[in-house]
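# Analysis of the macromolecular model
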Number of protein chains: 2
Amino acid sequence: MSTPKIQMLQRTIKRLMRRQAWPALDRAIEKTRPEDLAFILRDLSADERPVLIAHCKDDDKRAAVVADADVALAAGLLAALPREHAVALLKRIEPDDVSDILEQLDDEVAAGLLELMGIADRREVEELSRYDAASAGGIMSPRFFSLGRDTTAGEAIHKLQQLGDDLEMVFYVYVVNEVGQLVGVLSLRQLVTHRPDQRIFDIMVSDVISVSPEVDQEEVAKLASRYGLLAIPVVDDGNKLLGIVTVDDVIDVLREEATEDILRMGGAAGGDLAQQTVLRATLSRFPWLLATGLGGGLSALVIWAYLDALISHVALLIFVPLVLGMTGVTGVQSATIIGRRMDEGRSGRALLFSLVRQTVAGLFLGILCGALLGLGLRVLGLKDGATALLLGTAVAGSMGAAAALGAILPLIFSRLRLDPTLAAGPFVATAVDLVGLVIYLAIGTSSLFG
Amino acid sequence: MSTPKIQMLQRTIKRLMRRQAWPALDRAIEKTRPEDLAFILRDLSADERPVLIAHCKDDDKRAAVVADADVALAAGLLAALPREHAVALLKRIEPDDVSDILEQLDDEVAAGLLELMGIADRREVEELSRYDAASAGGIMSPRFFSLGRDTTAGEAIHKLQQLGDDLEMVFYVYVVNEVGQLVGVLSLRQLVTHRPDQRIFDIMVSDVISVSPEVDQEEVAKLASRYGLLAIPVVDDGNKLLGIVTVDDVIDVLREEATEDILRMGGAAGGDLAQQTVLRATLSRFPWLLATGLGGGLSALVIWAYLDALISHVALLIFVPLVLGMTGVTGVQSATIIGRRMDEGRSGRALLFSLVRQTVAGLFLGILCGALLGLGLRVLGLKDGATALLLGTAVAGSMGAAAALGAILPLIFSRLRLDPTLAAGPFVATAVDLVGLVIYLAIGTSSLFG
């Protein structure tokens with residue numbers, strides 16, 4: 001369903017709730033997909049959400065809606081239910097999602113729910129919660145379809161038929177040896193297109209792309225994307241198969257990481273947007289402003305040092321905001337482009353070329369903009385030739401420096417094991433503003449041009 | 001293969017080429033996956049690339065490498081080959097990829113290659129090139145697996161076995177009626193788990209999520225992601241099945257769109273990064289700087305208007321860079337957060353709440369930062385109480401205004417049918433700098449505080 005259609009349906013559902021038109025509400029919920037109900041849930045009030053869940057036809061639908069909802073929302077809904085009811089839903093949700101939801105709850109509440117889940121389910125969830133939530137181990141599903149080497153294609157299909165709906169996403173059959181080590185993989189497609197009496201060992205591909213559970217989820221997503229895989233097996237040091245990361249998780253990871261990158265660039269990372277109150281928004285935005293404020297404090301010292309010159313050469317003063325704007329944009333441009341190149345996994349040599357290219361481009365842009373400014377001032381008759389030349393040179397110098405600094409910062413960040421995307425946000429803007437200002441004022445007050 | 005491993009292999013391949021150690025090069029290429037070779041190709045020189053392609057074992061491997069390479073690179077490689085050889089590779093590449101590659105070539109060259117491809121392949125490619133490259137029609141594959149309603153599960157499996165390797169990614173069987181209209185879908189899994197004599201019409205799901213070919217690729221990716229689909233069928237107005245968009249394309253789209261968003265925020269969008277020269281980098285970065293320069297010109301007028309006040313109240317002058325930095329970050333924060341909320345498809349009401357929340361948070365942050373500045377100046381004994389209060393108030397006012405403006409701009413951009421992400425880049429930074437500066441100077445020079 002397209003987003004506008006869902007928003008329309010949401011208004012309908014809210015109206016039916018207000019009117020307490022329960023049979024109509026039940027019908028509306030019944031014919032809506034769980035994914036759409038989870039989408040609608042986000043923008044309902046805290047009072048309306050449990051009503052929507054209560055009016056789902058059965059626990060299967062309820063569980064599907066909760067599993068598709070934002071994890072903090074899901075936790076809130078479950079916490080409000082009687083324990084036994086919450087457990088009934090959790091048992092219908094994939095263990096990796098259960099682990100994420102429980103992490104949002106009070107330790108005691110989570111332990112109480114786990115207790116009631118039964119040993120098998122509980123062990124699966126506990127196994128997963130050992131790993132970092134953003135690692136392959138944290139997002140993998142321990143429910144995969146694996147068979148011994150001597151199984152035939154026919155037997156494999158028979159086992160698949162017996163599985164029922166326990167394994168939601170079966171794309172591949174993993175082949176393991178006697179001690180559970182991964183030795184090969186074959187697709188459902190290959191299973192179907194070979195003779196039933198062939199051993200899967202003879203059909204399978206033995207060169208399997210796998211990851212260890214500690215690998216960062218972004219790296220897993222990149223591998224799946226690069227090799228066009230629908231699932232990536234997670235194996236321990238001894239190559240024992242622990243779980244699989246499926247393509248739907250990969251897509252979630254890609255979307256999460258994209259959002260995180262954008263929020264970092266915008267100086268707004270930290271904290272869950274969906275759960276944001278004014279206080280949380282204020283707290284998560286403050287650290288970035290503090291860094292900018294410190295940079296601004298240093299800029300104040302620079303202005304103070306050049307105060308006499310600025311007051312006696314007002315031409316220099318007037319263009320301070322322009323220079324800060326231009327250096328900020330130039331530096332962020334360089335940092336963004338180099339950051340992307342690094343994200344693409346370019347080699348050191350290619351990065352070096354990019355760095356030089358963007359710095360030279362920044363210098364050209366500086367000369368271009370400086371010349372435009374100088375010429376503009378001269379043609380409009382606002383300044384004499386010497387002043388125009390001086391201002392133009394100062395703008396060019398500060399922009400060139402900003403371009404270079406912006407290009408280098410992501411590389412430095414990466415060396416310090418910080419996310420290069422951070423370098424393209426307020427941090428670089430503040431740094432290049434300061435450096436740009438110093439260079440602008442130093443050139444502008446020099447007697448180079450008499 | 002992890003990125004560091006690929007980079008090591010790349011150095012090996014370059015060394016083998018330099019030493020003209022052809023048998024060793026052949027072996028290294030033979031045991032490397034086409035996806036990894038395509039990755040390596042990007043950072044080889046223009047002379048080395050055709051050598052790598054030439055040393056692939058056969059046309060199947062060559063075609064796989066070319067299909068996985070960046071589209072501009074692929075086009076360059078094909079253009080350098082003899083026509084017959086290029087066509088042999090194109091015939092082994094999926095029609096949607098062929099269409100993208102041909103689009104990069106000279107019209108004449110492309111037409112010449114198409115001519116040689118044979119009627120069936122040619123028609124498929126021409127059909128696809130009718131649609132915008134960034135639409136569902138532009139990324140769909142016309143090669144899907146569809147069957148009539150009365151086919152049984154057993155017959156369907158038999159047909160699947162006869163297909164061979166022609167259809168690369170078969171996840172679903174699409175069910176069509178006599179005139180090719182899509183009536184249902186079932187998964188390979190469902191096919192296998194039902195009795196061979198059951199009609200697929202009785203197994204299939206008839207409520208199929210599909211898109212029309214004009215739908216934007218980002219919307220298609222969002223649908224696939226929301227509903228956890230491995231493929232989305234593309235149908236025309238009459239519900240006739242035209243093609244399918246598969247999950248690997250969806251992942252490519254998500255990555256492309258994320259990169260585009262980040263480049264837009266960084267003021268560096270436009271032009272293909274992979275193909276960038278200094279000149280192209282300069283040209284693609286210039287428009288953003290021009291916009292910033294215009295804003296800076298207006299700021300210069302503002303400073304000029306307040307010149308006397310700034311010279312007689314140097315306290316006000318000293319903090320101009322600080323204020324510009326703080327308003328810039330505050331505005332971009334608001335714009336980034338609201339932009340993300342819009343991307344999530346939040347309803348108008350939820351967006352309004354977000355807008356108010358971020359504006360209030362910005363005002364709080366302004367008061368906090370203003371108070372810190374005022375107190376700092378007072379405690380350090382740098383300014384008298386009245387000046388400190390005035391400066392703090394001016395900072396708070398400008399930051400609050402920046403937060404509000406930053407929050408509103410993405411909504412305005414979206415109304416004007418522009419990408420809201422554009423609003424979180426240099427554009428908003430420039431706009432809030434200007435507005436922030438005016439408010440700061442207006443408050444700072446007011447006689448409110450005597």
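Residues numbered from 1 in each chain as written. Chains lettered and ligands numbered in written order. Predicted model: local features only at pLDDT ≥ 70, side-chain atom pairs only at ≥ 80, totals over all residues.

### What to know about the overall build of chain A
When helices and strands are tallied, chain A shows 24 helices and five strands. For 450 residues, the compact-globule estimate of 2.2 N^0.38 gives 22 Å, and the C-alpha radius of gyration of chain A, at 30 Å, exceeds that figure by more than 25%. In terms of principal-axis extent, the alpha carbons of chain A reach across some 90 × 60 × 40 Å. Split into buried and exposed, the 450 residues of chain A put 51% on the buried side. Considering only contacts in chain A between residues 6 or more positions apart, those separated by 24 or more positions represent 69%. (Helix = DSSP H or I, 4+ residues; strand = E, 2+ residues; numbered from the N terminus. Rg over C-alpha atoms; globule rule 2.2 N^0.38 Å. Buried ≥ 20, exposed ≤ 12 C-beta atoms within 10 Å, placed from the backbone. Contact = placed C-beta atoms within 7 Å.)

### A look at the sheet that holds strand β1 (residues 146-148) of chain B
Residue and element names in this part refer to chain B. As summarised here, the arrangement of the three strands in space is β1-β2-β3, forming an open sheet in which the pairing is mixed. Looking at which strands have only one partner, the edges of the open sheet turn out to be β1 and β3 (182-187). Each neighbouring strand pair of the sheet contributes to a mean axis angle of 30°, computed without reference to strand direction. Bridge count for strand β2 (residues 172-176) against β3 is five bridges, and the pairing is antiparallel. Residue Y172 lies in a different strand from β3, and its bridge partner there is S187. (Pairing = 2+ DSSP bridges. Axes fitted to C-alpha atoms, helices over the stretch in contact; angles between N-to-C directions.)

### What about the interface of chain A and chain B?
Between chain A and chain B, the residue contacts involve 90 residues of the former and 90 residues of the latter. Counting residues per element, the side of chain A that touches chain B draws most heavily on helix α17 (residues 278-305) of chain A, at 16 residues. Looking at the side of chain A that touches chain B, its residues break down into 49 nonpolar, 27 polar and 14 charged. (Nonpolar A, V, L, I, M, F, W, Y, C, P; charged D, E, K, R; others polar.)

### Looking at the nonpolar core
Ranked by size, the top nonpolar core spans 128 residues in total, and within it V323, V395 and V428 of chain A together with V323, V395 and V428 of chain B carry the most contacts. Once residues lying within four places of it in the same chain are set aside, the contact partners of V323 of chain A are V395, S398, G436, L437 and Y440 of chain A. (Core = buried A, V, L, I, M, F, W, Y, C linked by C-beta atoms within 7 Å.)

### Notes on helix α3 (residues 34-41) of chain B
Within α3 of chain B, seven of the eight residues are buried, which leaves the element mostly enclosed by the surrounding structure. Along α3 of chain B, the residues that are buried comprise P34, E35, L37, A38, F39, I40 and L41 of chain B.

### A look at the domain arrangement of chain A
Looking at the assigned domains, one finds that chain A contains domain 1 (3-130), domain 2 (146-263) and domain 3 (273-444). Here the C-alpha centre of domain 3 of chain A lies 48 Å away from the C-alpha centre of domain 1 of chain A. (Domains from an automatic or database assignment.)

### Remarks on the relation of the copies chain A and chain B
Superposing chain A onto chain B takes a rotation of 180° plus a shift of 0.0 Å along the axis, which leaves an RMSD of 0.1 Å. Given the turn and translation reported, the copies of this chain are related as if by a two-fold rotation axis. Looking at the rotation axis and the C-alpha trace of chain A, the residue lying nearest is A258 of chain A, at 2.8 Å. When the interface residues of chain A are mapped onto chain B, 100% of them again fall at the interface, so both copies present the same face. (Least-squares fit on C-alpha atoms with pLDDT ≥ 70 in both.)

### Here's the deal with the sheet that holds strand β3 (residues 182-187) of chain A
Residue and element names in this part refer to chain A. If you walk across this open sheet you meet the three strands as β1-β2-β3, and the pairing is mixed. Each edge of the sheet is formed by a strand with only one pairing partner; in this case those strands are β1 (146-148) and β3. When strand polarity is set aside, the average angle formed by the axes of neighbouring strands in this sheet is 30°. The pairing of β1 with strand β2 (residues 172-176) spans three bridges and is parallel. The residue bridging S146 from the neighbouring strand is Y174, located in β2.

### Observations concerning the environment of Q333 of chain A
Within the secondary structure, Q333 of chain A is located in helix α20 (residues 320-343). Q333 of chain A gets classed as buried once you count the C-beta atoms within 10 Å, which come to 32. Not counting residues within four places of it along the chain, the set of residues in contact with Q333 of chain A comprises G406 of chain A together with G266, G267, A268, R285 and W288 of chain B.

### Section: helix α23 (residues 426-444) of chain B
Between its first and last C-alpha atoms α23 of chain B spans 26 Å; for 19 residues at 1.5 Å apiece the expected length is 27 Å, and the two agree. Counting buried positions over the 19 residues of α23 of chain B gives 17, a clear majority of the element. (Expected span 1.5 Å × (residues − 1).)

### Observations regarding unusual backbone geometry
Negative phi values dominate among residues other than glycine, just as trans dominates among peptide bonds. With phi around 65°, N239 of chain A is a residue other than glycine that occupies positive phi space. In this fold, N239 of chain A is placed in the loop between β4 (231-235) and β5 (241-246).

### Section: the pairing of β4 of chain A
All names here are of chain A. For β4, the tally of buried residues reaches five of five residues, placing the bulk of the element in the interior. Residues A231, P233 and V235 point to one face of β4 and I232 and V234 to the other, with burial holding for every one of them. Hairpin connection from β4 to β5: five residues lie between these consecutive antiparallel strands, with N239 at a positive phi of about 65°.

### Some remarks on the environment of G425 of chain B
Residues and elements named next belong to chain B. Of note, G425 is situated in the loop between α22 (385-415) and α23. For the pair G425 and M265, spaced 160 residues apart in sequence, the C-alpha to C-alpha distance is 4.0 Å. Residues in contact with G425, not counting those within four places in the same chain, are R264, M265, G266 and G267.

### Observations concerning the confidence of the model for chain A
Of the residues in chain A, 96% have a pLDDT of 70 or more, and the chain-wide mean is 88. Note on the complex model: pTM 0.86, ipTM 0.86. (pLDDT = per-residue confidence, 0-100.)

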